[in-house]
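# An overview of the molecular structure
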Amino acid sequence: MTEYLGKLRLGVNIDHVATVRNARGSAYPDPIRAAKLAEEAGADGITAHLREDRRHIGDADIDGLMEALTVPLNFEMAATDEMQAIALRHKPHAVCIVPEKREEVTTEGGLEVARQENRLAHFIDPLRQAGCRVSIFIAADKPQIEAAARIGAAVVELHTGAYCDFHAEGKFAERDAELDRLREMSTFTHALGLEVHAGHGLTYDTVQPVAAFPEIMELNIGHFLIGEAIFRGLTPAIAEMRRLMDEARA
Ligand code: PXP
């Protein structure tokens, strides 16, 4: 029997409700309404990424989420002074530091921690002092995980994008190798005393092997769920993801 460290939490990322809203510059669909519905559907947290270019979530959405949510907000942000000031103003439950490039469609890779350890240690310090649980979004790579531990992060979120891409492309040998790497690095991260999360690109087809890692405490899932909500509604889409996660750990 696998010993799990605790209940696996589901963080629902509502960025792409805002993507649809912004496509028309309208007031709907409202990401706050989606977040409240996700909460009712059993999300353990809500994740939102305030990007520098505000392509989906905007500043007013963060204000609204902070006011409306009863579950924790996981505020995803780049390591910039502007975002640090916003995070310190709101003091969300959790802050996840992600790499950000203007030209990318989504967060393409993990954060390069090892080469900017000093800067990041200073950057996250006030966030830690403010009581935010600081997470670092990185590839399943030992030197990056060790660097995340050294700068004082509480959590490492492992990037599952490559694993999911290999699955979608039918490259199953590469997918399985990436999954092995994620599993090993999940154990390694936990052994260093950090909490382990994972996310990016997860779907009904790819979630279970990751959910089954004993050290994983939280999965953050967005794009697939918001897409699936078009066909079956947000509540059933989330309920099915929750069911698959629970089944994987049963
Ligand atoms: N975790 C992090 C750190 C992310 O940047 C994202 C994407 O914003 C996700 C999880 C969710 O990824 P997806 O929308 O592909 O499920």
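Scroll up a little and you will see the structure.
We now turn to the structure provided with this report. (Residues numbered from 1 in each chain as written. Predicted model: local features only at pLDDT ≥ 70, side-chain atom pairs only at ≥ 80, totals over all residues. Heavy atoms only, no water.)

## A short note on the site of the ligand
Note the cut-off: Each residue is tested against the molecule or strand, and it is near if at least one of its non-hydrogen atoms lies within 4 Å. In protein, a polar contact means a hydrogen-donor-capable atom and an acceptor-capable atom, both N or O and within 3.5 Å, with residues adjacent in sequence counting only if both atoms are side-chain atoms; elsewhere, any N or O pair within 3.5 Å suffices. Reported accessibility uses the Shrake-Rupley method at a 1.4 Å probe radius. Residues are deemed covered only where the shown protein chains occlude them. For this scheme, ten residues count as nonpolar: Ala, Val, Leu, Ile, Met, Phe, Trp, Tyr, Cys and Pro. Four count as charged, namely Asp, Glu, Lys and Arg, and the remainder, Gly too, count as polar.
Surveying the vicinity of the ligand reveals 14 residues, the closest of which are E76, E157, G201, G222 and H223. Here G201 contributes a backbone N or O atom positioned 2.8 Å from an oxygen atom of the ligand. The backbone of G222 places a nitrogen or oxygen atom 2.7 Å from an oxygen atom of the ligand. Out of a free accessible area of 400 Å², the ligand has 95% covered by protein chains. Split into classes, the residues belonging to the shell around the ligand amount to four nonpolar, seven polar and three charged.

## So, the packing of aromatic side chains
Note the following rule: Put simply, two rings from Phe, Tyr or Trp (the six-membered ring, in Trp's case) pair if the centres are within 6.5 Å, and we call them stacked under 30 degrees between planes, edge-to-face over 60, tilted for the rest. Whether a charge sits over a ring depends on NZ of Lys or CZ of Arg being within 6 Å of the ring centre and within 35 degrees of the ring normal.
Counted under the stated rule, the structure contains one aromatic pair. Sitting above the plane of the F188 ring, K142 keeps its charged end 4.9 Å from the centroid.

## Brief notes about the packing of helix α2 (residues 31-40) against helix α11 (residues 234-249)
Selection rule: All axes here are fitted lines through C-alpha atoms, helices being fitted over the stretch that makes contact, and every angle between N-to-C directions spans 0 to 180 degrees. Working definition: helices are DSSP H or I runs of at least four residues, strands are E runs of at least two. Numbering for both runs from the N terminus. Any angle between 65 and 115 degrees counts as roughly perpendicular, while under 35 counts as roughly parallel, over 145 as roughly antiparallel, and the rest as oblique. Less than a right angle of anticlockwise turn of the near helix away from the far helix marks a crossing as left-handed, whereas a clockwise turn marks it as right-handed. Contacts are assigned to residue pairs with any non-hydrogen atoms lying within 4.5 Å of each other.
α11 packs onto α2 with a crossing angle of 45 degrees between their chain directions and a minimal axis gap of 9 Å. Here α2 lies oblique to α11, going by the angle between them. Read as a crossing pair, α2 and α11 show a hand that is right-handed. For the pair α2 and α11, contact is made by A34, L37 and A38 and by L234, T235 and I238, respectively. In the contact of α2 with α11, the residues fall into five nonpolar, one polar and no charged.

## Structural notes on the environment of A248
Among the secondary structure elements, A248 is positioned in helix α11. Residues A248 and I226 lie 22 residues apart in sequence; the distance between their C-alpha atoms is 22 Å.

## Quick look at the sheet that holds strand β4 (residues 94-97)
Selection criterion: Two strands pair under a simple rule: DSSP has to find at least two bridges between them.
In spatial order, the strands read β1-β2-β3-β4-β5-β6-β7-β8; together these eight strands close into a barrel with parallel pairing. Taken pair by pair, the neighbouring strands of this sheet meet at an average axis angle of 25 degrees, ignoring direction. Where strand β7 (residues 195-199) lies against strand β8 (residues 216-221), four bridges are found, and the strand directions are parallel. If you follow G199 over to β8, its bridge partner there is N220. In this fold helix α5 (residues 117-129) packs onto β3 (73-77), β4 and β5 (133-138), with an angle of close to 170 degrees to the strand it touches most, β4.

## What to know about unusual backbone geometry
Trans peptide bonds make up most of the peptide bonds, and negative phi angles are found at most residues other than glycine. In the segment running from Y28 into P29, the intervening peptide bond is cis, with an omega of -5 degrees. Along the chain, the position of P29 falls in the loop between α1 (15-24) and α2. Positive phi outside glycine occurs at R54, with the angle close to 55 degrees. Along the chain, R54 falls in the loop between β2 (45-49) and α3 (59-68).

## Overview of the pairing of β5
Inclusion rule: Per-residue accessibility, obtained with a 1.4 Å probe over protein chains only, is compared with the maximum for each type, and a residue is labelled buried under 20%, exposed over 50%, and partly exposed between these values. Here, the term right-handed applies to a crossover whose path from the first strand over the helix to the second runs clockwise when the strands point away from the viewer.
Taking burial as the measure, the six residues of β5 include six buried ones, the bulk of the element. Here β5 shows no split at all, with R133, S135 and F137 on one side and V134, I136 and I138 on the other all buried. Of the pairings in the sheet, the one linking β4 to β5 comprises four bridges and is parallel in character. Across the sheet, A94 pairs through a bridge with R133, a residue of β5. What joins β5 to strand β6 (residues 155-159) is helix α6 (residues 142-150), and the crossover it makes is right-handed.

## A few points about the nonpolar core
Put simply, the rule reads: Only buried residues count toward a nonpolar core, which is a set of Ala, Val, Leu, Ile, Met, Phe, Trp, Tyr and Cys residues joined through side-chain atoms within 4.5 Å.
Among the nonpolar cores identified, the biggest contains 75 residues, and I14, I46, L65, I97, I136 and L219 are the most heavily contacted of them. Discounting chain neighbours no more than four positions away, the residues touching I136 are I97, L111, V113, A148, I151, A153, V155, V156 and E157.

## Considering the pairing of β2
A large share of β2 lies buried, amounting to five of its five residues. Here β2 shows no split at all, with G45, T47 and H49 on one side and I46 and A48 on the other all buried. Bridge analysis of strand β1 (residues 9-13) against β2 gives three bridges, and the strand direction is parallel. Opposite G11, over in β2, you have G45 as the bridge partner. Across four bridges, β2 lies against β3 in parallel orientation. When the sheet's bridge partners are listed, H49 is paired in β3 with E76. Handedness of the β-α-β unit built from β2, α3 and β3 comes out right-handed.

Geometric values such as these leave the question of function open.
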